[in-house]
Amino acid sequence: MSLSILSSRSTGSCRRRLGRTCTFASSSPQHYFRSKSHHARHTCTNTCTGIRTFSNGSTSATEENNNPPPITTPSLMGSTLRGAGQVIFLNSATSGTVILGGLALGDPYLATMALAGVTTSTAAAKLGGLDQAALGDGLWGYNGALVGCAAAVFLHPLPPVSTLDFQSISSSPAVIDAAGWGLASTVMGASVAPFVGVALREAMGGVPQWTLAFNAVALGALLRTRPFAAPPAPVEEAVDATASVAGASSVDQVATMTLLEAPLRGISQIFVVDSSLTGAAIVGGTALYSPGLAGHMLLGSTVGSLTGYFLCGAPIDEITIGLWGYNSALTSMGIGTFFVHSPKTMALSIGGAAVTAGAFGAMKVVFGMWDAPCLTLPFCAVMSGCYLLGRGGVQGLQLAVSPHSPEKNE
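Overview of the structure. Small disclaimer: the values here were computed from a predicted structure and weren't measured.

Calculation notes
- Counting restarts for each chain: residues are numbered from 1 in the order of the written sequence.
- Confidence filtering applies because this is a predicted model: local features only for residues at pLDDT of at least 70, side-chain atom pairs given and counted only at 80 or more, and all residues used for totals across whole chains, interfaces and linings.
- Only heavy atoms go into the side-chain values, all of them from the structure, while hydrogens and water stay out.
- The way it works is that DSSP assigns letters per residue, a run of H or I at least four long becomes a helix, a run of E at least two long becomes a strand, and they are numbered from the N terminus.
- Any helix carries an expected span of 1.5 Å times its number of residues minus one.
- Burial classes follow relative accessibility: with a 1.4 Å probe on protein chains only, a residue under 20% of its type's maximum area counts as buried, one over 50% as exposed, and anything between as partly exposed.
- Only Phe, Tyr and Trp rings take part, Trp by its six-membered ring, and two of them pair if their centres are within 6.5 Å. Stacked means planes under 30 degrees apart, edge-to-face means over 60, and tilted covers everything else.
- Nonpolar cores are built from buried Ala, Val, Leu, Ile, Met, Phe, Trp, Tyr and Cys residues. Side-chain atoms within 4.5 Å join them into one set.
- In this analysis an axis means a line fitted to C-alpha atoms, helices contributing only their contacting stretch, and an angle means the value between N-to-C directions, from 0 to 180 degrees.
- Crossing handedness is read from the near helix: turned anticlockwise from the far helix by less than a right angle, it gives a left-handed crossing, and turned clockwise, a right-handed one.
- Here a residue-residue contact requires only that any non-hydrogen atoms of the pair lie within 4.5 Å.
- Charged means Asp, Glu, Lys or Arg here, nonpolar means Ala, Val, Leu, Ile, Met, Phe, Trp, Tyr, Cys or Pro, and polar covers whatever is left, Gly included.
- Like-charged residues within 9 Å of one another, or nonpolar side chains (Val, Leu, Ile, Met, Phe, Trp, Tyr) within 5 Å, are grouped into patches, provided each residue has over 30% relative accessible area and no salt bridge.
- A 1.4 Å probe and the Shrake-Rupley method give the accessible areas. Residues count as covered only by the protein chains that appear here.
- Salt bridge, as applied in this entry: a Lys or Arg side-chain nitrogen positioned within 4 Å of an Asp or Glu carboxyl oxygen.
- Residues adjacent in sequence count toward polar contacts only when both atoms are side-chain atoms; beyond that, a polar contact is any pair of N or O atoms within 3.5 Å, and within protein one must be able to donate a hydrogen and the other to accept it.

We now examine helix 14 (residues 326–338). An α-helix turns once per 3.6 residues; consequently, residues spaced three or four apart project the same way. The terminal C-alpha atoms of helix 14 lie 18 Å apart, and with 13 residues this matches the ideal 18 Å at 1.5 Å per residue to within 8%. Burial analysis of helix 14 places 13 of its 13 residues in the buried class, which makes it a mostly covered element.

We now examine the packing of aromatic side chains. One pair of aromatic rings is described through two measures. These are the centre distance and the angle between the planes. Within this structure, the stated rule accounts for 11 aromatic pairs. Aromatic pair Phe 89 and Phe 338: ring centres 6.1 Å apart, planes at 85°, arrangement edge-to-face. Here Phe 89 is found in the loop between helix 1 (76–86) and helix 2 (93–106), whereas its partner Phe 338 is found in helix 14, with 249 residues between them in sequence. Clustering of aromatic rings is evident, with ring pairs tying together Phe 89, Trp 210, Phe 338, Phe 379 and Tyr 387.

A few words now on the nonpolar core. It is characteristic of soluble globular proteins that their nonpolar side chains tend to be buried jointly. Counting residues in each nonpolar core, the largest one holds 80 residues, and the members touching the most others are Ile 88, Leu 103, Trp 210 and Phe 271. A per-element tally of this core places helix 5 (residues 142–155) first, with eight residues.

This part covers the packing of helix 3 (residues 108–127) against helix 7 (residues 173–200). Across the interface, helix 3 lies against helix 7 with an axial gap of 8 Å and an inter-helix angle of 35°. Two packed elements cross with a definite hand, and for helix 3 against helix 7 that hand is right-handed. When helix 3 is examined against helix 7, the residues Tyr 109, Met 113, Ala 116, Gly 117, Thr 120, Ser 121, Ala 124 and Ala 125 are found in contact with a partner set consisting of Ala 178, Ala 179, Gly 182, Leu 183, Thr 186, Val 187, Ala 190, Ser 191, Ala 193, Pro 194 and Phe 195. Class assignment for the residues of the contact of helix 3 with helix 7 results in 13 nonpolar, six polar and no charged.

Relative orientation of the contacting elements helix 15 (residues 343–368) and helix 16 (residues 377–391) amounts to 140°, with a least axis distance of 8 Å. Seen from above, helix 15 lies across helix 16 with right-handed handedness. In this structure, helix 15 contributes Leu 348, Gly 352, Val 355, Thr 356, Ala 359, Phe 360, Met 363 and Phe 367 to the contact, and helix 16 contributes Leu 377, Pro 378, Phe 379, Ala 381, Val 382, Cys 386 and Leu 389. Classifying every residue of the contact of helix 15 with helix 16 gives 13 nonpolar, two polar and no charged.

A word on the environment of Val 382. Relative to the elements of secondary structure, Val 382 occurs in helix 16. Of the residues examined, Val 382 reaches a relative accessible area of 11% and is grouped as buried. Excluding residues that lie within four positions of it along the chain, Val 382 makes contacts with Thr 331, Gly 352, Val 355, Thr 356 and Ala 359.

On the surface, Leu 223, Val 366, Met 369 and Trp 370 cluster together into a nonpolar patch covering about 400 Å² of accessible area. With respect to the helices, strands and loops of the structure, Met 369 is situated in the loop between helix 15 and helix 16.

Its 14 residues place the ends of helix 11 (residues 276–289) 20 Å apart at the C-alpha level, agreeing with the 20 Å of an ideal helix rising 1.5 Å per residue. All of the buried residues in helix 11 are Ser 276, Thr 278, Gly 279, Ala 281, Ile 282, Val 283, Gly 285, Thr 286 and Tyr 289. Summarising the contacts, the buried residues of helix 11 are in contact with helix 2, helix 10 (256–268), helix 12 (291–310) and helix 14. Looking at where helix 11 begins, the residue whose side-chain oxygen comes 3.3 Å from the main-chain nitrogen of Leu 277 is Ser 275.

Rendered as structure tokens:
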């Protein structure tokens, strides 16, 4: 189920392991914490040699301060695909492509809206002159992708169809109307998402904004439209529904395979899709980038689902469709991305996933009073707390200098 802010350029100082002091020009005083990408293009300059040193440790041996490297404009396609991956902290066009393909397997309409959203946000950031390094890493697009997913499910879902014939579906006036409004809502919301992210940066006090820009944009519409509001069912239907839920209220009465699919469905629910096949594709795309992050993702979704059932008393049907897993999966992935791998980091990943599930249960009730979903707010709240814990100097918990993955963080 994530989530990086860039501030206006400022100067500061950092101390490397070798003990030298250097100044840098970066997007924020916490330059290496503002980007989800290990390859963020922030630089620092050794005051003795004048050599420019990149935040990933590489250097250009002869570049002088007065001869900076040329700034290249990232391609729109590459930035868009990276943006799809950055929803779950993956700075990879390949992983983004796999994720979009996985979404298409579970819900082609939603995948189309996600692609429209991430493309719109990326193009808006490019036209708006936002930071080019972040643009190239896809950091302006991922909130737009989630806006498209929310629009496809909560704002303008396709009406039920009685045929699987594509020509008949595509020519249906009701389908055309829903898809048209869905696209319009996606473009409108996604076009402002990157600028909402810029506005949020000052309020976060050096903590990344995760997916708060998406939540702000989407909830602005969902709290008004109240997608969960429905007319009361007739008495006969209500009785039947109660009996159905009661019949599926026990784990013993749910197929084992369905339970085993719950973590994968939780992963797919990051993008508001209920499909174990989509979840498997997302795990595969993540493993291409980092097997360690794929492990954190599965761990978080599993812990969230177990916490929901055993500690929060969640209905088994909510567990099996992944509702209790997606926020926890995002929290575990965030910890795997931003922290140096260690036993305490793994403990934080497990504990953070459990706490996130509890937060989801509480926020689900609160937002349910307004007939709206809580989206990824539980992840944003708990991950912010974990991040601040990492800054608090807890022994064994160390924020990575250049956040990337458990394999590369140091």
